[in-house]
Amino acid sequence: MKYCFGVDIGGTTVKLGLFTKDGELLEKWEIPSRCENHGEAVPGDIAEAVLGKLAEKNIDKSDVLGVGLGVPGPITPDGTVMKCANLKWDIFNVNEKMSGLTGLRCIAANDANVAALGELWKGGAEGYRNIVFVTLGTGVGGGIVVDGKIIHGIHGGGGEIGHIIVNSAETDVCGCGGHGHLEQYASATGVVRLARKKLAETTEESSLRSLSELNAKDVFDAAKDGDALALGVVNTMCSYLAQALSGVGATVDPEAYVIGGGVARAGSIITDTVKKYFDANNLNVLCGRDFRLAKLGNDAGIFGAAYLALED
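The rules we used
Residues numbered from 1 in each chain as written. Predicted model: local features only at pLDDT ≥ 70, side-chain atom pairs only at ≥ 80, totals over all residues. Heavy atoms only, no water. Pairing = 2+ DSSP bridges. Helix = DSSP H or I, 4+ residues; strand = E, 2+ residues; numbered from the N terminus. Contact = heavy atoms within 4.5 Å. Axes fitted to C-alpha atoms, helices over the stretch in contact; angles between N-to-C directions. Parallel < 35°, antiparallel > 145°, perpendicular 65-115°, else oblique. Left-handed = near helix turned anticlockwise from the far one by under 90°.

### A short note on the sheet that holds strand β10 (residues 149-150)
Here is step 1: With mixed pairing, 5 strands are arranged side by side in an open sheet as β10-β9-β8-β11-β12. With partners counted over all chains shown, the strands left at the sheet margins are β10 and β12 (290-293), one partner each.
Here is step 2: The pairing of strand β8 (residues 131-136) with strand β11 (residues 256-260) spans 5 bridges and is parallel. Counterpart to T135 in the pairing with β11 is G260.
Here is step 3: Sheet strands touched by helix α4 (residues 111-122): β8, β9 (140-146), β10 and β11. Its angle to β9, the strand with the most contacts, is close to 55 degrees.
Here is step 4: Against the sheet, helix α8 (residues 228-252) contacts β8, β9, β11 and β12, and its axis sits at roughly 150 degrees relative to β8.

### As for the packing of α8 against helix α9 (residues 268-280)
Here is step 1: Relative to each other, α8 and α9 sit at 60 degrees, their axes nearing to 8 Å. The orientation of α8 with respect to α9, classified from their angle, is oblique. Between α8 and α9 the crossing geometry is right-handed. Residues V234, N235, M237, C238, S239, L241, A242, L245 and S246 of α8 form the contact with α9, whose own contacting residues are I269, I270, T273, V274, K276, Y277 and F278.

Shown next as C-alpha cells:
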C-alpha cells in the first residue's frame, strides 16, 4: 500500500494526517507549534512526528509518496516562505528544509490554498476541478483552483480574496493597514463591526440590543429569526462577498464557489444570500454556478496537504 502525509501548520498547533493514496484518512493527531526563536524547532518537530509515525506503523519510506504541508503565510510555487508572522519564520525554502529532515518528497503551499484543495478532493467541492474557495473566520482567506491546480501567483499572493477592495469609501482600517477590504465585512469580526455600527446609527428595534457581548453567530441567529436589523447586516455582508467573488469569477469562471470557516457554520443563509446578489449583478454566462458550504471543517488543511503531495 502507498501512503502520504498531510500537515496543516498553525501558530498554536500542527495538525497531521496519515492517508492512503486514495484519500482514506488512517489517523490524525496534533503537536504543539513551538514558535520561540523564530520557530526554528517547528520543521524538526514535524519531521520527528512523521518519521515516528512511520516507525510506529512499520511503514517503509519507499511506500510514502510525499508529505504535503500547509503554511500560514505567502509561499512561492517552489516552496519558499516569504516570512510568516504566525510562526515567526523568516525567508527560507520549506520544501528543501523538510525533504532534508525527513528524506521524503515534501511540497508546501499556503494553508488557505491547501484547504481549497481539501474541499475539492474530499469535501464540499468533490467532483469538481475548478473552484473558488473562501474561508470566513477571524479574517477572510481563500484559494483558487483551476484544472485541479492551485493558483499560487509569483510571490504566493494568489487567492488572497479577503483583501480585494469592495468599498473604496471605507474609512476604517483593515488589519493589513488598507481600507475597504472584504475582510472588514465578511469575517466574524467584520460582521460584528457592521452590526455594532447599525445599532449605533439607528433606533431600529432588534434582539441584538439586549446582548452585552455580540458575536457573528448572534447576528446570523437573529437574522434567521426574522430580526430586520440583523437581516440588513447579513445582506450587507453577503452583497460585499458577492461583489468580491464576482471579480474573481469574471477572471477564472469556476464551476463552483465553496464557503468555509467558522462564519460558514451559519449555513445556507450565507450561500443563498450570496448567490442572490451574485446572479443579480453578473453576466449570464457567469451565473447559475453552485454555491456550496465546505464540509471538512478543521480537517480541510490535512486533506488538502495530502492531495498536494499526491498531485504535484
